[in-house]
Amino acid sequence: MKTIHRKLSTSTIFVLLLLSPSLAFSQTTGNGSPRFILQKMTDGTTVCGIKASCIDTRYEEFIRENPGAITYQWGIKTEGQPLTWIQTGNPELDATRFEGKEYVTVYFRITDTEGNTTSPIYIRVAGSGFYNLQFYTFIVNRQGELYSDQGELLSHQYTTMPLISRDPATAQARWSPVAGKVINDKNEEWDIPCTRNGYIRDILPATEIEQILSSPAYTATLYRLTLLNYSGEIIQEFPITLLCKPDFPEQP
């Protein structure tokens, strides 16, 4: 048990994403494990917090059964203010810690019981935005089945990806999208039809599914979906994640 304990913080890999409207993200990797993913917590319309979840099933159970094995540390940095660290036993950060700020950088790291601390990872939190998406995270298993992060089985070909307006200003042409594009983490870019009810297949082409299926288990691919108005100006950007979990939705 003690050996595993050390392994949790030595040369650890983290893949951290904030999956919510108008949120920038960063990704850092190293040699080791476990890996975490940051998932949005919403009240239906707005982000109310950030949750760090372990995506490596071999460590997920250990962390769940040994809540004292690691300490979660969250850092909050606003413009003109020093970085402030909060140490908790909770993998969730309430939005009250950073609400009311236009731009906030949130840092995350863990410390084990022997005092070993991982390098901090950060994400950039921007404004609330005009739209929400129905899905921000997709999971594909070894059979090629596509799921939402909530475990809902999706049709890659026919499931829609609606834009959900959250601001009356979207009735104005300036804030109404007429074009869109997606960029993956290799800086490959493709245009998508921009409608209020687009399809998953447009945002995540079949080639992207095939590529992640040929990658190591628990690989995460990051995308940026950008909405443009009639003048080509950016209305809003969304982070999207495609994650390969071979046995999803079953747990070992």
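Since this is a predicted model, take the numbers as computed values, not measurements. Along each chain, numbering runs from 1 in the same order as the chain's sequence is written. Given that this is a predicted model, residues contribute local features only at a pLDDT of at least 70 and side-chain atom pairs are listed and counted only at 80 or more, while totals for whole chains, interfaces and linings are drawn from all residues. Only heavy atoms go into the side-chain values, all of them from the structure, while hydrogens and water stay out.

Here we come to the confidence of the model for the chain. pLDDT expresses how confident the predictor is about each individual residue, on a scale running from 0 to 100. A residue-level look at the chain finds 77% of positions with pLDDT of 70 or above and a mean pLDDT of 77. Numbering of helices and strands starts at the N terminus; helices are DSSP runs of H or I of at least 4 residues and strands are runs of E of at least 2. Within the chain, the element-level pLDDT minimum falls on helix α1 (residues 2–7), averaging 38, and the maximum on strand β12 (residues 153–154), averaging 96. Throughout residues 1–33 the model reports pLDDT below 50, and contacts reaching past four residues in sequence, or to other chains, amount to 124 contacts. Any pair of residues with heavy atoms lying within 4.5 Å of one another is described as a contacting pair.

Only protein chains enter the calculation, and the probe is 1.4 Å; a residue is then buried if its accessible area is under 20% of its type maximum, exposed if over 50%, and partly exposed in between. Taken together, the buried positions of helix α4 (residues 206–213) are Glu208, Ile209 and Ile212. Taken end-on, α4 shows its buried residues confined to a sector of 100°, consistent with a single buried face. Of the exposed residues in α4, those oriented more than 90 degrees away from the buried face are Thr207 and Glu210. The elements touched by buried residues of α4 are β10 (137–140), β11 (146–148), β14 (179–184), β15 (189–192), β17 (220–228) and β18 (234–244). Our arc is simply the arc of the directions from the helix axis toward the C-beta atoms.

With that settled, the discussion passes to the sheet that holds strand β13 (residues 160–165). Across the sheet, three strands lie side by side as β9-β13-β16; this open sheet has antiparallel pairing. Every interior strand has two partners, whereas the edge strands, β9 (131–133) and β16 (197–199), have only one. For this sheet, the mean inter-axis angle between neighbouring strands, taken without regard to orientation, is 30°. For two strands to be treated as a pair, DSSP must find no fewer than two bridges joining them. Relative to β13, β9 runs antiparallel, the two being bridged by three bridges. Its bridge partner lying in β13, Tyr131 is registered against Ser165. Note on geometry: axes are lines fitted to C-alpha atoms, helical ones only across the stretch in contact, with angles between N-to-C directions running from 0 to 180 degrees.

For the rest of this paragraph, the subject is the packing of aromatic side chains. To pair, rings of Phe, Tyr and Trp, with the six-membered ring standing in for Trp, must have centres within 6.5 Å; the planes then decide the type, stacked if under 30 degrees apart, edge-to-face if over 60, and tilted in the middle. Scanning all chains against the criterion turns up seven aromatic pairs. Their ring planes at 70° and their centres at 5.4 Å tell us that Tyr147 and Phe248 sit as a pair that is edge-to-face. Here Tyr147 is found in strand β11, whereas its partner Phe248 is found in the segment after β18, with 101 residues between them in sequence. Of the two residues examined, Tyr147 and Phe248, each falls in the buried class. Sitting over a ring, as applied to charges here, requires NZ of Lys or CZ of Arg to be within 6 Å of the ring centre and within 35 degrees of the ring normal. Geometry around Trp85 places Arg109 over its ring, the cationic atom sitting 3.7 Å from the centre.

Before going further, it helps to examine the pattern of salt bridges. Each salt bridge in this description consists of a side-chain nitrogen of Lys or Arg and a carboxyl oxygen of Asp or Glu lying within 4 Å of one another. With the rule as written, the count across this model stands at three salt bridges. When the shortest N-O distance is used, the salt bridge between Asp247 and Arg142 registers 2.4 Å. In this pair, Asp247 sits in the segment after β18 while Arg142 sits in the loop between β10 and β11, placing the two residues 105 residues apart along the sequence. Residue classification places Arg142 among the exposed residues on the basis of a relative accessible area of 54%. One salt bridge connects Arg224 with Glu237, and the closest N-O pair in it is separated by 3.3 Å. Of this pair, Arg224 sits in strand β17 while Glu237 sits in strand β18, and the two are 13 residues apart along the sequence. The class of Arg224 is partly exposed, set by a relative accessible area of 33%. Judged by relative accessible area, Glu237 falls into the partly exposed class, the value being 31%.

A separate point is the nonpolar core. A general tendency of soluble globular proteins is for nonpolar side chains to be buried together. By convention a nonpolar core is built from buried Ala, Val, Leu, Ile, Met, Phe, Trp, Tyr and Cys residues, the set being connected through side-chain atoms within 4.5 Å. One finds Phe138 and Leu242 to be the most contacted residues of the largest nonpolar core, which totals 30 residues. Examining the composition of this core, we find that five residues originate from one element, β18, more than from any other. Dropping the residues within four chain positions of it, Leu242 is found in contact with Phe138, Val140, Leu146, Leu204, Glu208, Ile209, Ile212, Thr219, Ala220, Thr221 and Tyr223. Counting residues in hydrophobic clusters, the runner-up holds 20 residues, among them Ile50, Cys54, Ala69 and Tyr72.

As a further point, take the pairing of β17. Burial analysis of β17 places eight of its nine residues in the buried class, the great majority of the element. Sheet topology note: the β17/β18 ladder contains nine bridges and is antiparallel. Opposite Leu228, over in β18, you have Ile234 as the bridge partner. The antiparallel hairpin formed by β17 and β18 contains five residues in its connecting segment, where Gly232 sits at a positive phi of about 80°.

Moving on: the sheet that holds β14. What the seven strands build is an open sheet, ordered β12-β11-β10-β18-β17-β14-β15; its pairing is mixed. Among the strands making up the open sheet, the edge pair consists of β12 and β15. Relative to the sheet, α4 contacts β10, β11, β14, β15, β17 and β18, its axis offset from that of β18 by approximately 40°.

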